[in-house]
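Listed below, chain by chain, are the residues.
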Amino acid sequence: MQSQKKLPRTFSFEFFPPNTAEGLEKLAQTAKQLAPLNPKFFSVTYGAGGSTRERTLRAVMDLRAAGYAAAPHISCIGSSRDEIRDILRGYRENGIRHLVALRGDLPSGTATAGEFHYANELVAFIRGEFADHFHIEVAAYPEYHPQAKNAQDDLLNFKRKVEAGAHSAITQYFYNADCYFHFVDECEAMGLDLPIVPGIMPIGKFSQLARFSDACGAEIPRWMRRKLEGFGDDADSIREFGLDVVTRLCDDLLAAGAPGLHFYTMNQAGLTGTIWQRLGL
Ligand code: FAD
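First, a word on what this report is: a plain description of the structure on this page. (Residues numbered from 1 in each chain as written. Predicted model: local features only at pLDDT ≥ 70, side-chain atom pairs only at ≥ 80, totals over all residues. Heavy atoms only, no water.)

1. Structural notes on the site of the ligand
Next, step 1: Contacts to the ligand come from 23 residues, most closely from Y46, R103, D105, Y141 and D154.
Next, step 2: The side chain of D154 places a nitrogen or oxygen atom 2.5 Å from an oxygen atom of the ligand.
Next, step 3: One of the side-chain N or O atoms of K161 is found 2.7 Å from an oxygen atom in the ligand.
Next, step 4: About the coverage of the ligand: the protein hides 87% of its 970 Å² of free accessible area.
Next, step 5: Among the elements of the structure, helix 4 (119-130), helix 5 (151-164) and strand 6 (168-173) are those that each provide at least two residues to the shell around the ligand.
Next, step 6: Broken down by element, the shell around the ligand gets its largest block of residues, four residues, from helix 5.
Next, step 7: Residues that form the shell around the ligand fall into these classes: nine nonpolar, nine polar and five charged. (Near = heavy atom within 4 Å. Polar contact = N/O pair within 3.5 Å; in protein donor to acceptor, adjacent residues only side chain to side chain. Areas by Shrake-Rupley, 256 points an atom, 1.4 Å probe, with all protein chains shown as cover. Helix = DSSP H or I, 4+ residues; strand = E, 2+ residues; numbered from the N terminus. Nonpolar A, V, L, I, M, F, W, Y, C, P; charged D, E, K, R; others polar.)

2. Observations regarding the pairing of strand 4 (residues 98-102)
Next, step 1: Where burial is concerned, most of strand 4 is hidden: four out of the five residues are buried.
Next, step 2: In the sheet, strand 3 (residues 70-75) pairs with strand 4 via three bridges, with the strands oriented parallel. Looking at the pairing, S75 lines up with L102 of strand 4.
Next, step 3: Handedness of the strand 3-helix 3 (residues 81-93)-strand 4 crossover: right-handed. (Buried < 20%, exposed > 50% of the residue type's maximum accessible area, 1.4 Å probe, protein only. Pairing = 2+ DSSP bridges. Right-handed = clockwise from strand over helix to strand, strands pointing away.)

3. Thoughts on empty space enclosed by the protein
Next, step 1: In total, this model carries two cavities of 30 Å³ or more according to the counting rule given.
Next, step 2: Here the largest cavity is characterised by a volume of approximately 40 Å³.
Next, step 3: What lines the largest cavity is Y141, P142, E143, Y144, P146, Q172, Y173, C216, G217 and A218.
Next, step 4: Looking at the lining of the largest cavity, its residues break down into seven nonpolar, two polar and one charged. (1 Å grid on protein atoms, 1.4 Å probe; cavity = no way out; pocket = protein on both sides within 12 Å on 5 of 7 lines; lining within 4 Å. Points joined across faces, edges and corners; volume = space filled by probe spheres on them.)

4. Brief notes about the layout of surface pockets
Next, step 1: Reported here for the largest pocket is a volume of approximately 1500 Å³.
Next, step 2: For the largest pocket, the lining is made up of 45 residues, of which L102, G104, D105, Y141 and Q172 are closest to its centre.
Next, step 3: Looking at the lining of the largest pocket element by element, the count peaks at six residues for helix 5.
Next, step 4: Of the residues belonging to the lining of the largest pocket, the class tally is 24 nonpolar, 13 polar and eight charged.
Next, step 5: Space inside the second largest pocket adds up to approximately 480 Å³.
Next, step 6: The wall of the second largest pocket is formed by 20 residues, among which G204, K205, Q208, Q268 and L271 lie closest to the centre.

5. Notes on the pattern of salt bridges
Next, step 1: Applying the stated rule across the entire model yields 12 salt bridges.
Next, step 2: A salt bridge links D214 to R225; the shortest N-O distance between them is 3.5 Å. One end of the pair, D214, is in helix 7 (residues 206-216); the other, R225, is in helix 8 (residues 222-230), with 11 residues separating them in the sequence.
Next, step 3: On the basis of relative accessible area, R225 is assigned to the partly exposed category, the value being 24%.
Next, step 4: Connected via shared salt-bridge partners are D82, R85 and E129. (Salt bridge = Lys/Arg side-chain N within 4 Å of Asp/Glu carboxyl O.)

6. Details of the packing of helix 8 against helix 9 (residues 235-255)
To characterise two packed helices, one gives the angle between the axes of the helices and the distance between these axes.
Next, step 1: Running from amino to carboxyl end, helix 8 crosses helix 9 at an angle of 160 degrees, the nearest separation of the two axes being 10 Å. Here helix 9 runs roughly antiparallel to helix 8, going by the angle between their axes. For the pair helix 8 and helix 9, the sense of crossing is right-handed. Between helix 8, through W223, M224, K227 and L228, and helix 9, the contact on the second element is made entirely by I238, F241 and V245. (Axes fitted to C-alpha atoms, helices over the stretch in contact; angles between N-to-C directions. Parallel < 35°, antiparallel > 145°, perpendicular 65-115°, else oblique. Left-handed = near helix turned anticlockwise from the far one by under 90°. Contact = heavy atoms within 4.5 Å.)

7. Considerations on the state of the cysteines
Next, step 1: What the rule picks out here adds up to zero disulfides.
Next, step 2: In this structure C76 is a free cysteine whose sulfur lies 18 Å from that of C216, the closest cysteine sulfur available.
Next, step 3: Here C76 falls in the buried class, since its relative accessible area comes to 0%.
Next, step 4: Not part of a disulfide, C179 finds its nearest cysteine sulfur in C216, a span of 12 Å.
Next, step 5: Judged by relative accessible area, C179 falls into the buried class, the value being 13%. (Disulfide = S-S within 2.5 Å.)

8. Re the nonpolar core
Next, step 1: Core analysis: the largest hydrophobic core is formed by 85 residues, its most contacted members being L88, F158, I196 and L253.
Next, step 2: The element best represented in this core is helix 9, accounting for nine residues. (Core = buried A, V, L, I, M, F, W, Y, C linked by side-chain atoms within 4.5 Å.)

Structure, rendered in structure tokens:
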């Protein structure tokens, strides 16, 4: 974790693109509440197979029009080179210079993977077609990606994305700081020198978190699971426990030199804002 300490810290907040006018209005309110925390950028996710193409751009443009820095995510699986070039040209024409570049997951029932198989191909494509126009973030998995053959392979695949031209990385969320420290040490040992910003998932609804975690391979440690299960429908206790655990996690990460934090806000300002206050940032 030594070399990460030298870098300026980056804080960012992630949103998903709303699909209703009320959702957009609520997102504007959430951004307004979080903006005073001075994030480096807000990011907006991109639906599997391009399903939110218009909505992601709309949400990003709304954020920019309100005066905030915003970065769209883009995923390549299921798309052709022409489609991806088109989207990126649209981003460039709209003045966007910052992206989160992902492989994504094929929507169930989709037969064809398209012309890109992995995120490193997307990063290379973006660099090949747009040179240095975009700052490119990629995803990192301290607990390793669920589809990886093994941990070593996953690390080498992460290295491919960095060597293809990624500037920085944001991790999948985790609740065990040691896995992040270990991952960063492994990256440093491979000679990778880029900020790897921990992704932070505040704990709201336990059932939702458990579902997400099963799908994306992020572990909820047994002791946390047992506690959260024990709270049943007691939303206040879940909230208090979650705030406590996640604030301590953020504190430990920053104290050890993590180069910032990226919050998965779920379009809500409450939990993220409270963690922020408790961290005294
Ligand atoms: P990759 O880096 O391509 O890795 C995917 C898998 O393939 C890994 O197991 C890896 O080890 C393996 N692999 C990689 N390269 C190679 C190679 N060259 N040869 C062989 N194997 C290889 N999903 C969305 O749909 N929309 C979003 O907006 C979105 N935002 C995200 C933001 C963050 C910060 C994170 C952490 C994830 C996000 N995801 C999003 C989820 C992501 O799309 C999935 O985790 C997806 O399964 C993998 O995407 P990736 O870019 O990490 O893929």
